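# Structural description and commentary
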Amino acid sequence: QLGRDALVSDDMYATMDLCVGCKGCKRECPTGVDVARMKIEFLHHYRRRHGMRMQDRLIAYLPRYAPWARRFSFLPNLRDRVPGLAWLSERLLGFSARRPLPHWRRDAFDARTERAASAPADNAPEVVLFVDTFNTYFEAENARAAAAVLSAAGYRVIFAQAADGGRPLCCGRTFLAAGLVDEARFEARRLIDALKPWAARGVPIVGLEPSCLLTLRDEIGVMFPRDQTEPIARNAVLLEEFLAREQQLGRLHLELKPLVAKRALLHGHCHQKAFGAMTATQQALRLIPGLTVETIDSGCCGMAGAFGFEAKHYDVSMKMGELGVLPAVRAAAADTLIVADGTSCRQQIRDGAGREALHVARVLYSALSNE
């Protein structure tokens, strides 16, 4: 009906362009239609026909070049420090000059050398901590906080590493977002090989970034045979899901102290909402004595991974944020904690409301150390 080659046409690209991959359709559609997954399939065919822009390549291949970019972090960080470079990056690469890019860290998280605190008993239960690309290179403090919290609760923390000892593991999310299914499958294969021995033993696989961890319960399951992925999907949980579950089972021994802040304002990542993880997030925060948790009634914050970084999408991104999360954060008292697990959500809140949002792991760590 749409004519020959309609699937890979520019008209179809324009139709799919404003899908932010929030998976709200998967949650709300009576038949569970997953438009985000449809967009991946569309982009896979579209890129093969039309190729990729440099902007698309920089976003998609981030996990591959990140180990090298980290070593020379001062160079990409100049983009937001030297006048004119942000404007130039918009003209040449399409990244909005009105928004800073993530800050590269020299003290990136390295699963090969990091050490979590020892568990108190030799027979302490094990957990595998999967640290995604974003928390590895841009917010390593989240991973270290999560490891400290898990250790304090009596678990022996094992950092997920590539079986070949090579570069950090990646779920393939950036490749999926660009439609590079074959590249995503390659990354997912590395991750499966690293995690399957632990999954076979029923060891929990704990993650921090919702879009990455929940890929283990969603897209990876359609890229490989079920017998390879189902044990991993069954054991993959977000940090707050794991803590809430252990608390309900009476197995959590985590001593937390009251914080100076008595109220937390929580913004949920779209994938947390789509996969029903928000209740666990609230429960994990309520482990802190005296902390009142309020969840913002909002949809997508508008950042949606790399969507809000693109110059052509910047205005739409900010308008989406203004529908809920940004006004709520601005209205919050100065002593209210702003909590958001998604790295892109935290960036949107910082750019649009001028407030720092914290990952749940950092909030719990603050209660652990009484900061």
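The paragraphs below set out a description of the structure included in this document. Quick caveat, the model's predicted, so the values are computed rather than measured. (Residues numbered from 1 in each chain as written. Predicted model: local features only at pLDDT ≥ 70, side-chain atom pairs only at ≥ 80, totals over all residues. Heavy atoms only, no water.)

The subject of this paragraph is empty space enclosed by the protein. Counting across every chain of the model gives two cavities of 30 Å³ or more. Within this model, the largest cavity holds a volume of roughly 40 Å³. Every residue lining the largest cavity is listed: Pro 63, Asp 132, Thr 133, Phe 134, Cys 170, Cys 171, Arg 173, Thr 174 and Cys 212. Mapped by element, the contributors of at least two residues to the lining of the largest cavity are helix 8 (133–137) and helix 10 (173–177). Approximately 30 Å³ is the volume attributed to the second largest cavity. Every residue along the wall of the second largest cavity is listed here: Pro 63, Thr 133, Tyr 137, Pro 168, Leu 169 and Cys 170. Taken together, the residues that form the lining of the second largest cavity break down as five nonpolar, one polar and no charged. (1 Å grid on protein atoms, 1.4 Å probe; cavity = no way out; pocket = protein on both sides within 12 Å on 5 of 7 lines; lining within 4 Å. Points joined across faces, edges and corners; volume = space filled by probe spheres on them. Helix = DSSP H or I, 4+ residues; strand = E, 2+ residues; numbered from the N terminus. Nonpolar A, V, L, I, M, F, W, Y, C, P; charged D, E, K, R; others polar.)

Strand order across the open sheet formed by four strands is 2-1-3-4, with parallel pairing between neighbours. The sheet terminates laterally at strand 2 (156–159) and strand 4 (236–238), the two strands that pair on one side only. Strand-to-strand twist of the sheet, defined as the mean angle between neighbouring strand axes without regard to direction, takes the value 35°. Direction of pairing for strand 1 (residues 126–130) relative to strand 2: parallel, over a ladder of four bridges. Bridge assignment links Val 127 to a residue of strand 2, and that residue is Val 157. Those strands touched by helix 11 (residues 181–200) are strand 1, strand 2 and strand 3 (205–207), and its axis lies near 165° from that of strand 1. (Pairing = 2+ DSSP bridges. Axes fitted to C-alpha atoms, helices over the stretch in contact; angles between N-to-C directions. Contact = heavy atoms within 4.5 Å.)

This part takes up the packing of helix 9 (residues 140–152) against helix 15 (residues 239–248). To characterise two packed helices, one gives the angle between the axes of the helices and the distance between these axes. Here helix 9 crosses helix 15 at 15°, and the two axes come no closer than 12 Å. In terms of orientation, helix 9 and helix 15 fall into the roughly parallel class. At the point where helix 9 passes helix 15, the crossing takes the left-handed sense. Across the interface between the two elements, Ala 146, Val 149 and Leu 150 from helix 9 touch Leu 239, Phe 242 and Leu 243 from helix 15. (Parallel < 35°, antiparallel > 145°, perpendicular 65-115°, else oblique. Left-handed = near helix turned anticlockwise from the far one by under 90°.)

Quick look at the packing of aromatic side chains now. Taken as a whole and assessed by the stated rule, the structure comprises nine aromatic pairs. Where Tyr 155 meets Phe 242, the ring centres are 5.1 Å apart and the plane angle is 70°; that geometry is what we call edge-to-face. You can see Tyr 155 sitting in the loop between helix 9 and strand 2 and its partner Phe 242 sitting in helix 15, a full 87 residues away along the chain. We note that Tyr 155, like Phe 242, is buried. Between Arg 71 and the ring centre of Trp 68, over which it is positioned, the NZ or CZ distance is 4.5 Å. Just above the ring of Phe 224 sits the side chain of Arg 189; from NZ or CZ to the centre is 5.0 Å. (Phe/Tyr/Trp six-rings, centres within 6.5 Å; stacked < 30°, edge-to-face > 60°. Buried < 20%, exposed > 50% of the residue type's maximum accessible area, 1.4 Å probe, protein only. Lys NZ or Arg CZ within 6 Å of the ring centre and 35° of its normal.)

Okay, the sheet that holds strand 5 (residues 263–267) next. The sheet built from three strands is open, its strands ordered 6-5-7 with parallel pairing. Taken across any chain shown, the strands that pair with only one partner, and hence form the sheet edges, are strand 6 (292–295) and strand 7 (337–340). Pairwise comparison of adjacent strand axes, ignoring direction, gives a mean angle of 30° for this sheet. As paired strands, strand 5 and strand 6 are joined by four bridges and run parallel to one another. Of the residues in strand 6, the one forming a bridge with Leu 265 is Glu 294. Relative to strand 7, helix 20 (residues 343–353) is tilted by about 140°, and along the sheet it contacts strand 5 and strand 7.

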